[in-house]
Amino acid sequence: MAEASDTVSRARQPAAADGVDRPQRARLLQIIGECVALFVATVWHCRSAARHLAKIVAQLTLIGTETLGIAALVSLFVAW
């Protein structure tokens, strides 16, 4: 059970003008920063795709043929 001293000692931070408090804003900015870093790393590594195009196509073909059966089964039940 909360005591009166617990509620008094916790000072509330003033709300921002848009109604989002600081921890939520910090979390949002962290997620946006991680997404930007991941995008930059992806673009950086795509420069080597031209050298490995045959391996990439072979891997995509293998994945496509291995999952064709389950994809057909799922589409059968989704369509009904």
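Not measured: the values here are computed from a predicted model. Every chain is numbered on its own, with residues counted from 1 as its sequence reads. Reporting in this predicted model follows two pLDDT cut-offs: at least 70 for local features of residues, and 80 or more for side-chain atom pairs to be given and counted; totals over whole chains, interfaces and linings ignore these cut-offs and use all residues. As a rule here, side-chain values come from all non-hydrogen atoms in the structure, and water together with hydrogens is ignored.

(A) Spotlight on the overall build of the chain. Of regular secondary structure, the chain possesses 4 helices and 0 strands. The numbering of helices and of strands both runs from the N terminus, where a helix is a DSSP run of H or I of at least 4 residues and a strand a run of E of at least 2. Its helices and strands taken in sequence order, the chain reads α-α-α-α from the N to the C terminus. Exposed residues in this analysis have more than 50% of their type's maximum accessible area, buried residues have under 20%, and partly exposed residues fall in between, with area computed by a 1.4 Å probe over protein chains only. Counting across all 80 residues of the chain, residues that qualify as buried make up 0%. The protein chains shown are the only cover counted for residues, whose accessible areas, like all others here, come from Shrake-Rupley with a 1.4 Å probe. With the model as given, the accessible surface of the chain reaches about 7600 Å², and the carbon-plus-sulfur share is 69%.

(B) Structural view of the packing of aromatic side chains. Two rings from Phe, Tyr or Trp (for Trp, the six-membered ring) form a pair when their centres sit within 6.5 Å of each other. Planes less than 30 degrees apart are called stacked, planes more than 60 degrees apart edge-to-face, and all others tilted. Taken as a whole, this structure holds 0 aromatic pairs when the rule is applied. Seen from the ring of Trp44, Arg47 lies directly overhead, with NZ or CZ sitting 3.9 Å from the centre. A ring is considered to have a charge above it if a Lys NZ or an Arg CZ atom is located within 6 Å of its centre and within 35 degrees of its normal.

(C) Molecular detail of a nonpolar patch on the surface. For patches, a residue must show more than 30% relative accessible area and have no salt bridge; joins then use 9 Å for like charges and 5 Å for nonpolar side chains, namely Val, Leu, Ile, Met, Phe, Trp and Tyr. Salt bridges are identified by distance alone: a Lys or Arg side-chain nitrogen within 4 Å of an Asp or Glu carboxyl oxygen. A cluster of nonpolar side chains, namely Leu28, Leu29, Ile32, Val36, Phe39, Val40 and Val43, defines an oily patch on the protein surface of about 680 Å² accessible area. Tracing the chain through its elements places Leu29 in helix H2 (residues 22–45). Judged by relative accessible area, Leu29 falls into the exposed class, the value being 55%.

(D) View of helix H4 (residues 68–79). A rise of 1.5 Å per residue sets the reference length of H4, with its 12 residues, at 16 Å; its end C-alpha atoms lie 16 Å apart and thus fit the reference within 8%. Here H4 lies mainly on the outside; 0 of its 12 residues are buried. What a helix is expected to span follows from its residue count: subtract one and scale by 1.5 Å.

No statement about biological role is implied by the geometric values presented.
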